[in-house]
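# A structural walkthrough
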Amino acid sequence: MQAAAYSRTGPAPDVLELIQMDRPVPGPGEVRVRIAWSGVNPSDVKSRAGTRLKTLPFARVVPHSDGSGVIDAVGDGVSKERIGQRVWIWNAAWNRADGTAAEWIALPSAQAVALPAGVSLEVGACLGIPALTACHAVGVDGGVAGKRVLVAGGAGAVGHYAVQMARLSAASCVIATVSSEEKAAHARAAGADVVIDYRREDVVARVMQATQDHGVDCIIEVDFAANAALDLSLLAPEGRIVVYGSGASNMSVPFVPAIVKNARMSFFIVYNLSDADRARATRQLHAWLDAGSLQHTIALRVPLEQIAHAHEVVESGRVIGNVVLRVGGGE
Ligand SMILES: NC(=O)c1ccc[n+]([C@@H]2O[C@H](COP(=O)([O-])OP(=O)(O)OC[C@H]3O[C@@H](n4cnc5c(N)ncnc54)[C@H](OP(=O)(O)O)[C@@H]3O)[C@@H](O)[C@H]2O)c1
């Protein structure tokens, strides 16, 4: 079968190559999926670039944790009824050498989740990281019902889902920050009540105006290193900052504003959600998918052969929405 892989970290065109591999055979408890779409996320790009670790955990890495396709074989202990099921995949490249940038993948049955009817396979390749991250961020610690919520980067792949999900979760006010008119329109269409251009506007003044000087009860944060001080200026007493991203690996948090507000901060990475949190987020996500309540944004679809281009596009931050690779075998 064909796959894309790298055996050293570095720039996408230098290290990503198309290779031939043996088609995997599902082991006990595993399913084999004929991949239709492989989702490219910033995390995949950082791993390949060597931003996190310069040395690879495996001699060769087939990238990408997200993907979708159809189960075509099962290992011992997995019901044959799963054969033919359309699925979305999570954590395929997390602590594993072989991700979804390949024509087939074998992985534990639980990591291939039946895709709700009516949801396309290309959307299925955006669920494992962007949608589930947003779903957990909005639902964690009692959720956001009745709360004033700020989604930093409300036009991002995660942020756009978070705006929608905060709205669907009955937040009393959803505020999004963006950096352009196009992104403002995208966040507004997702349901943001107030959209603020954080590069050009006085974010504190706009948030205070929108919340009658109360501040926001919950911030869903894409870049805590850049925004920690701002967030603490905007946060209401007893408020919570849910951090899923940071543009820098070290950050400083102003102590006095944090302590006088009894600020709560929680950090999470979607790869390491507990079983209970993952199950809760997945249940909620499927309820919204079943109801057709979510808008999805596929910014770029390219064939597997153009994986290096896809990585460069994600790296550039230029697109609004998700980037997916067409691998074959699907809609
Ligand atoms: N913890 C987790 O499990 C998890 C899961 C998914 C993603 N992430 C991380 O979260 C980040 C975003 O991922 P993504 O897929 O949503 O990427 P994306 O589609 O590129 O979106 C990022 C968005 O954040 C905005 N942004 C960047 N810096 C900002 C700032 N200082 N203030 C406000 N907005 C800002 C960007 O717009 P402008 O640059 O135009 O402002 C962009 O709209 C990445 O670092 C990724 O690795 C973490």
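Residues numbered from 1 in each chain as written. Predicted model: local features only at pLDDT ≥ 70, side-chain atom pairs only at ≥ 80, totals over all residues. Heavy atoms only, no water.

The name given to the protein in an unreviewed UniProt entry is NADPH2:quinone reductase, with Agrilutibacter niabensis as the source organism.

### Some thoughts on the domain arrangement of the protein
Stated formally: The start and end points of each domain follow an automatic or database-based domain assignment. Residue contacts follow a heavy-atom distance rule, with two residues in contact if any of their heavy atoms lie within 4.5 Å. Here the buried area means the combined drop in accessible surface, using a 1.4 Å probe, for two parts upon being joined, counting both sides. The salt bridge definition used is simple: a Lys or Arg side-chain nitrogen within 4 Å of an Asp or Glu carboxyl oxygen. Two N or O atoms count as a polar contact when they lie within 3.5 Å, although within protein this holds only if one can serve as hydrogen donor and the other as acceptor, and sequence-adjacent residues are included solely when both atoms are side-chain atoms. Note on residue classes: Ala, Val, Leu, Ile, Met, Phe, Trp, Tyr, Cys and Pro are nonpolar, Asp, Glu, Lys and Arg are charged, and everything else, Gly too, is polar.
Looking at the protein, the domain boundaries give domain 1 (2–126 + 296–326) and domain 2 (133–271). For domain 1 and domain 2, the distance between their C-alpha centroids amounts to 29 Å. The interface is formed by eleven residues belonging to domain 1 together with eight residues belonging to domain 2. Summing the contributions of domain 1 and of domain 2, the shared interface buries around 990 Å²; its carbon and sulfur component is 54%. The three residues of domain 1 that bury the most area against domain 2 are Trp94, His296 and Ile320, which together make up 46% of that side's buried surface. Linking domain 1 with domain 2 are zero salt bridges, by the criterion used here. Scanning the region where domain 1 abuts domain 2 turns up four residue pairs in polar contact (both at pLDDT 80 or more). Among the residues making up the side of domain 1 that touches domain 2, the classes are represented as three nonpolar, eight polar and no charged.

### Points about the pattern of salt bridges
Convention followed: Numbering of helices and strands runs from the N terminus; a helix is a DSSP stretch of H or I covering at least four residues, while a strand is a stretch of E covering at least two. Residue burial is assigned from relative accessible area. The probe radius is 1.4 Å, only protein chains are included, and a residue is buried under 20% of its type maximum, exposed over 50%, and partly exposed in between.
Under the counting rule described, the total for this entry stands at eight salt bridges. Asp193 serves as the salt-bridge partner of Arg167, at 2.8 Å between the closest nitrogen and oxygen. One end of the pair, Arg167, is in helix α5 (residues 157–168); the other, Asp193, is in the loop between α6 (181–189) and β10 (194–197), and 26 residues separate them in sequence. When its relative accessible area of 28% is taken as the criterion, Arg167 is described as partly exposed. Note on Asp193: relative accessible area 44%, which makes it partly exposed. Of the charged contacts in the structure, one is a salt bridge between Arg200 and Asp197, with a shortest N-O distance of 2.6 Å. Owing to a relative accessible area of 60%, Arg200 belongs among the exposed residues under this scheme.

### Examining the site of the ligand
Heads up, the condition is: Any residue with a non-hydrogen atom lying within 4 Å of a molecule or strand is treated as near it. Residue exposure ignores everything except the shown protein chains as possible cover, and the areas themselves are Shrake-Rupley values with a 1.4 Å probe.
Close to the ligand lie 22 residues; Lys46, Ser179, Lys183, Tyr198 and Val270 are nearest. Between an oxygen atom of the ligand and a side-chain N or O atom of Tyr198, the distance comes to 2.4 Å. Between the ligand and Tyr244, the relevant distance is 2.8 Å, taken from a nitrogen atom to a main-chain nitrogen or oxygen of the residue. The protein chains hide 81% of the 910 Å² of surface that the ligand would expose on its own. Secondary-structure elements contributing two or more residues to the shell around the ligand are α2 (42–49), α4 (127–139), α5 and α8 (224–234).

### Things to note about the packing of aromatic side chains
Let me state the cut-off plainly: Working definition: rings of Phe, Tyr and Trp (its six-membered ring) pair if their centres are within 6.5 Å, and the pair is stacked with planes under 30 degrees apart, edge-to-face with planes over 60 apart, and tilted otherwise. Remark: a charge is flagged as sitting over a ring if the NZ atom of Lys or the CZ atom of Arg is within 6 Å of the ring centre and within 35 degrees of the ring normal.
A full pass over the atoms with the stated rule returns two aromatic pairs. Ring centres 5.9 Å apart and planes at 80° place the aromatic pair Phe224 and Phe267 in the edge-to-face group. Within this pair, whereas Phe224 is found in helix α8, its partner Phe267 is found in strand β13 (residues 264–267), the two being separated by 43 residues in sequence. The ring of Trp104 is capped by Arg34, whose NZ or CZ atom sits 4.5 Å from the centre of that ring.

### Side note on the UniProt feature "domain: Enoyl reductase (ER)" (unreviewed entry) in the protein
For clarity, the threshold we go by: UniProt positions are given in the numbering used here, feature names are shortened, and annotations may be inferred rather than shown by experiment.
On the UniProt side, "domain: Enoyl reductase (ER)" (unreviewed entry) is annotated at positions that read residues 11–325 here. Its end C-alpha atoms 18 Å apart, residues 11–325 is made of 32% helix and 25% strand.

### Here we look at the environment of Ala110
Along the chain, Ala110 turns up in the loop between β6 (104–108) and β7 (112–114). The exposed category is assigned to Ala110, whose relative accessible area is 58%. Once the C-alpha coordinates of Ala110 and Ile89 are considered, the two residues, 21 residues apart in sequence, prove to be 8.9 Å apart.

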